[in-house]
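Below are the chains, spelled out letter by letter.
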Amino acid sequence: MSKAVKIRNIDELSIATIRATCIDGINKSKSGHPGMCLSAAPIVYSLFKDYLVSNPYQSKWLNRDRFVMSCGHGSMLYYTMLHLCGYDVTLDDLKSFRQLNSRTPGHPEFGETDGIDAGSGPLGQGIAQAVGMAIAETKLQSMYGSSIYNHYTYCLCGDGCLEEGISQEAISFAGLNKLNKLILLYDRNNVTLDGPLSQSSDEDIINRFLASHWNVILVKKGNSYKQIKKAIGLARKSKSAPTLVIFKTIIGFGSKNQGTCKVHGAPLGVEDGKAAKLSYGFDYPDFTIPTEVYDNFRKTFINRGELAFQKNSRALIKLQKSNPVLYQQCLTFNENNVKPFVEKGKINTEIFKKNSTRNTSGEILNFYHELLPNFVGGSADVAESVKTKLKNGSTWGPNNRAGTNFNWGIREFFMSAAANGMLLHGGLRTYTGTFFVFADYCKAAIRMSALQKLPQIYLFSHDSIAVGEDGPTHQPVEQLAMLRSIPNLNVFRPADARETLASYRLALESTHTPSAIILTRQDLPLLDNSSDYDLVKNGAYIVSRESSQRKLDFTLIASGSEVSLALEAKKTLFSLGVNVRVVSMPCCELFDKMDKKYQENTLGGDYSSRLFIEMNSTYGLHKYARYVFGINEFGKSGPAKDVIKSFGFTPENITRVVMSVIRGR
């Protein structure tokens, strides 16, 4: 075995310690990705030691720099840095890497580990979330001033992140909007899991970013601490564009398999790990961290963060004295909590009328915009169709950081992930809008909203085959079942204007659960007994009771536009001697949380005397009713009324379905 080379200074010792700890943690867990941990260690070291401003003792401090590891498989590197920098990540936590219920899971998970600013999700989403964080910093600075919000957003990415399509959506938007305090650190080691990068990509990265109006800095020696430090310092000086810093590195640096895909996702093992450590000059027992390394970060990262935190605290005290209302608003909004503001507002009840729920949604959206100064959002180029434009809001952009309307462009996936980043940053409440059928483009980001417990609001209009002439490509069928399958996501499909208001209020009151509000293009009648909050919060309720003179024969359950259809069918069924109850179920997830007694009292009767009606896939609805009338095929192109009739969603046909069930018993 080769002898250790000589370590010349504290920087070399610190970088060697970081690499060695990553090797040890991955070896001990017998699982992990050492490749980029070893290639990117000097990059992350310089960032934390020389530039990143944060405070491990106040890890949620509002004006800290944000760091996103988009290439989340390198999480052992992240955890090692957090430990060295004084966060609540112990050496035992590093030894428990990737173990069940540990605080150091296989990928960074927001809320699971102290100091993690964002979960990474699948490759590429981290870049989009970082763009969202950078956006939030500009907006909040316009609200509270540069003494309160004034920080950088850093993102570490790899080759795979930049192959994912969402990365270009994010890059394009960031360049267009001149997010100069966004710095993307690119660990270019030219290897992916399956082999050399050249077998899947040979693009000109530099010109790709230049074409999107970014600054680009190339560091040819990505293992040189001095060159890395100089490059990041230069990136921070940008005044009008985000900056990409490309570091040419060697994956698995120090391993016998360095430079190959063999070190991407498998532990080095004891022998190769020992040899790699010696090549760095690190000849210590496993999980040994020299005292000098801790001292190094205490003198740099920790000291810098404490001074910046104190300065920002003094600015907050000054704000408290000069404007106590704005001060309290700042602190409350930082926790994504707007409930105190939502409860104060009283909307004009003139909106309670026959209308499409997308139109009603637009009125409600503007109402809450007037109540909530931190309520921002926009759509994927369909603001007029989804009614997401804020009438009294200006457009956010490079020349107006105070704007509340966001023109995301035709970038549904990025829009959703960037909104997640804005919520991860804290201080703003966000909504996004597009057609329901495009929820598929948003899905991976919606899942990250739910996983990271972010109260994002997704507005999806054109909710069924009632889209009509645009045909099956634009008629959602399976999307509702898809959304309902995601844990920790509330899916609202309101039946009229009152239920739409309730859906918004519940979505805004939430602090840890995202919401999807599904809206119609066609007009819906205002129901006689619909709820504008108290019953909707239960997920389902009786909107029309059966006659008390006779026993209940049958229950019709529906959501959205089909509730009024069920009410029409009830009239016909009653004339035929069938005593029917109609239940509106705007949110299955909230109903599922109710106790069994409420559920049984609401649905009534026995399971075999229930029919669920929905112009969408029947998947998952049999938990509420034995019989489900829905659509398990793609739609058709034609006038909406003709398409709806062709699929049997008429009072007459629903009556026939119920009667056939009753007669067949």
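Higher on the page you've got the structure.
Residues numbered from 1 in each chain as written. Predicted model: local features only at pLDDT ≥ 70, side-chain atom pairs only at ≥ 80, totals over all residues. Heavy atoms only, no water.

## Observations regarding the layout of surface pockets
Here's step 1: The volume enclosed by the largest pocket comes to roughly 670 Å³.
Here's step 2: Lining the largest pocket are 28 residues; nearest its centre among them are Lys-60, Phe-110, Gly-111, Gln-452 and His-512.
Here's step 3: Secondary-structure elements contributing two or more residues to the lining of the largest pocket are helix H16 (412-425) and helix H17 (439-451).
Here's step 4: Sort the elements by how many residues they give to the lining of the largest pocket and H16 lands first, with three residues. (1 Å grid on protein atoms, 1.4 Å probe; cavity = no way out; pocket = protein on both sides within 12 Å on 5 of 7 lines; lining within 4 Å. Points joined across faces, edges and corners; volume = space filled by probe spheres on them. Helix = DSSP H or I, 4+ residues; strand = E, 2+ residues; numbered from the N terminus.)

## Concerning the sheet that holds strand E11 (residues 429-435)
Here's step 1: Read across the open sheet, the six strands follow the order E10-E9-E11-E12-E14-E13; overall the sheet is parallel. Across the chains shown, the open sheet's two edge strands, defined by having one partner strand only, are strand E10 (405-407) and strand E13 (490-492). For this sheet, the mean angle separating the axes of adjacent strands, direction not counted, is 20°.
Here's step 2: Relative to E11, strand E9 (residues 375-379) runs parallel, the two sharing five bridges. (Pairing = 2+ DSSP bridges. Axes fitted to C-alpha atoms, helices over the stretch in contact; angles between N-to-C directions.)

## What about the nonpolar core?
Here's step 1: Ranked by size, the top nonpolar core spans 199 residues in total, and within it Phe-48, Leu-77, Leu-156, Phe-297, Tyr-368, Leu-556 and Phe-649 carry the most contacts.
Here's step 2: With residues up to four places along the chain from it excluded, the contact list for Phe-297 reads Ile-18, Tyr-45, Phe-48, Lys-49, Met-81, Leu-84, Cys-85 and Ile-302.
Here's step 3: Among the nonpolar cores identified, the runner-up in size contains 15 residues, and Phe-436, Ile-446, Met-482 and Leu-483 belong to it. (Core = buried A, V, L, I, M, F, W, Y, C linked by side-chain atoms within 4.5 Å. Buried < 20%, exposed > 50% of the residue type's maximum accessible area, 1.4 Å probe, protein only. Contact = heavy atoms within 4.5 Å.)

## Considerations on a nonpolar patch on the surface
Here's step 1: Judged by side-chain polarity, Ile-206, Leu-210 and Leu-218 come together as a nonpolar surface patch covering roughly 210 Å² of accessible area.
Here's step 2: Residue position: Leu-218 is located in strand E6 (residues 215-219).
Here's step 3: Look at Leu-218 and you get partly exposed, because its relative accessible area is 36%. (Patch = residues over 30% accessible without salt bridge, like charges linked within 9 Å, V, L, I, M, F, W, Y side chains within 5 Å. Areas by Shrake-Rupley, 256 points an atom, 1.4 Å probe, with all protein chains shown as cover. Salt bridge = Lys/Arg side-chain N within 4 Å of Asp/Glu carboxyl O.)

## Considering the environment of Gly-273
Here's step 1: Tracing the backbone shows Gly-273 in helix H10 (residues 270-280).
Here's step 2: When its relative accessible area of 2% is taken as the criterion, Gly-273 is described as buried.
Here's step 3: Separated by 246 residues in the primary sequence, Gly-273 and Asn-27 place their C-alpha atoms 8.1 Å from one another.

## Observations concerning empty space enclosed by the protein
Here's step 1: Applying the stated rule across the entire model yields two cavities of 30 Å³ or more.
Here's step 2: The calculated volume of the largest cavity comes to roughly 70 Å³.
Here's step 3: Lining the largest cavity, in full, are Phe-48, Leu-52, Ser-54, Ser-59, Arg-64, Asp-65, Phe-67, Tyr-78, Leu-82, Tyr-87, Gly-115 and Asp-117.
Here's step 4: The residue makeup of the lining of the largest cavity, split by class, is six nonpolar, three polar and three charged.
Here's step 5: Within this model, the second largest cavity holds a volume of roughly 50 Å³.
Here's step 6: Forming the boundary of the second largest cavity are Asp-159, Leu-162, Glu-163, Tyr-186, Arg-188, Leu-197, Ser-201, Glu-203 and Ile-205.
Here's step 7: Put simply, the parts of the chain that give the lining of the second largest cavity at least two residues each are helix H6 (159-163) and strand E3 (182-188).
Here's step 8: Element by element, the count of residues in the lining of the second largest cavity is highest for H6, at three residues.
Here's step 9: Tallied by class, residues from the lining of the second largest cavity come to four nonpolar, one polar and four charged. (Nonpolar A, V, L, I, M, F, W, Y, C, P; charged D, E, K, R; others polar.)

Function cannot be inferred from these measures alone, as they are strictly geometric.
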